[in-house]
Amino acid sequence: MLNRGDPLELLVATILSAQCTDKRVNIVTSELFKKYRTAADYAGADPAEFQQEIRSTGFFRNKAKNIIGAATIIVERFDGEVPDNMDELLSLPGVARKTANVVLANAFGKNVGVVVDTHVMRVSKRLKLTSRENNQGDKIEKDLSELLPRREWALFSHLLIFHGRACCRARKPTCPICPINHLCPSAGKV
Ligand code: SF4
């Protein structure tokens, strides 16, 4: 679980979390959030210094470019506030539907879509809730959103992510003790 406070912190933490563990992101942001408090702070960051501050999260050059770029747009176009709608969030560098859905659901309480990360992809495919490929995140999101009432979208993503970490792991899922193995077409076959 990512540590975050306001929408800006959640946005930054979510961008940093790509290809990185939440634990590592939380270590990095515990210092980062003390230094950078507003979008203007990130927009004015020295790129080389910022890269070093987030280096341990991996892909640090690209992440630094995206965070500074997104913050600059937030300052210039959105009055320094993280936008609370999908179209404007998608206009920020480094923000695709997954990140936008995380921010909308968790910072603004808006169920605009289902968050589809690597855990949601894997578990929903094993449960045969979708048959899409891993590179079809947007289509997986559409399949899942058609199966569930909108009010359940955010909670459903959280549950699948939790289940994917605790039980339905990529390697050696613990099917014999899985609480939903009686519902799962893949039980014992992965
Ligand atoms: S039964 Fe196995 S494959 Fe199915 S959800 Fe549980 S852990 Fe995952």
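Residues numbered from 1 in each chain as written. Predicted model: local features only at pLDDT ≥ 70, side-chain atom pairs only at ≥ 80, totals over all residues. Heavy atoms only, no water.

A. Looking closely at the packing of aromatic side chains. In this structure the tally under the stated criterion is three aromatic pairs. Relative to Y42, the ring of Y36 has its centre 5.0 Å away and its plane inclined at 20°; by these criteria the two rings are stacked. In this structure Y36 comes out as buried when scored by relative accessible area, which is 5%. Ring centres of Y42 and F50 lie 6.0 Å apart, and the angle between their planes is 90°; this geometry places the pair in the edge-to-face category. In this pair, the class of Y42 matches that of F50, namely buried. (Phe/Tyr/Trp six-rings, centres within 6.5 Å; stacked < 30°, edge-to-face > 60°. Buried < 20%, exposed > 50% of the residue type's maximum accessible area, 1.4 Å probe, protein only.)

B. A look at the packing of helix α8 (residues 118-126) against helix α9 (residues 137-147). Remark: α8 packs on α9, axes separated minimally by 11 Å, with the N-to-C direction vectors making an angle of 55°. In this view, α8 runs oblique relative to α9, as classed from their interaxial angle. Read as a crossing pair, α8 and α9 show a hand that is left-handed. For the pair α8 and α9, the contacting residues are V120, M121 and S124 in the first and G137, I140 and L144 in the second. Its residues placed into classes, the contact of α8 with α9 shows four nonpolar, two polar and no charged. (Axes fitted to C-alpha atoms, helices over the stretch in contact; angles between N-to-C directions. Helix = DSSP H or I, 4+ residues; strand = E, 2+ residues; numbered from the N terminus. Parallel < 35°, antiparallel > 145°, perpendicular 65-115°, else oblique. Left-handed = near helix turned anticlockwise from the far one by under 90°. Contact = heavy atoms within 4.5 Å. Nonpolar A, V, L, I, M, F, W, Y, C, P; charged D, E, K, R; others polar.)

C. Region of interest: the nonpolar core. Formed by 37 residues in total, the largest nonpolar core has its most connected members in L32, Y42, F50 and L92. When contributions to this core are tallied by element, the ones reaching two or more residues are α1 (7-16), α2 (22-35), α3 (39-43), α4 (47-54), α5 (60-77), α6 (86-90) and α7 (97-108). When neighbours within four sequence positions are excluded, Y42 is seen to be in contact with L8, V12, L32, F33, Y36, F50, I67, I68 and A71. Among the nonpolar cores identified, the runner-up in size contains 15 residues, and V114, L144, L148 and C184 belong to it. (Core = buried A, V, L, I, M, F, W, Y, C linked by side-chain atoms within 4.5 Å.)

D. Structural view of the packing of α2 against α4. Interhelical geometry of α2 versus α4 gives an angle of 145° and a closest axis separation of 9 Å. Along its contact with α2, which presents V28, L32 and K35, the element α4 presents E49, F50, E53 and I54. Split into classes, the residues belonging to the contact of α2 with α4 amount to four nonpolar, no polar and three charged.

E. Layout of unusual backbone geometry. Phi is positive for D79, close to 60°, though the residue is something other than glycine. Relative to the helices and strands, D79 is located in the loop between α5 and α6. The backbone of K128 shows a phi angle near 60°, a positive value even though the residue is not glycine. By the element assignment, K128 lies in the loop between α8 and α9.

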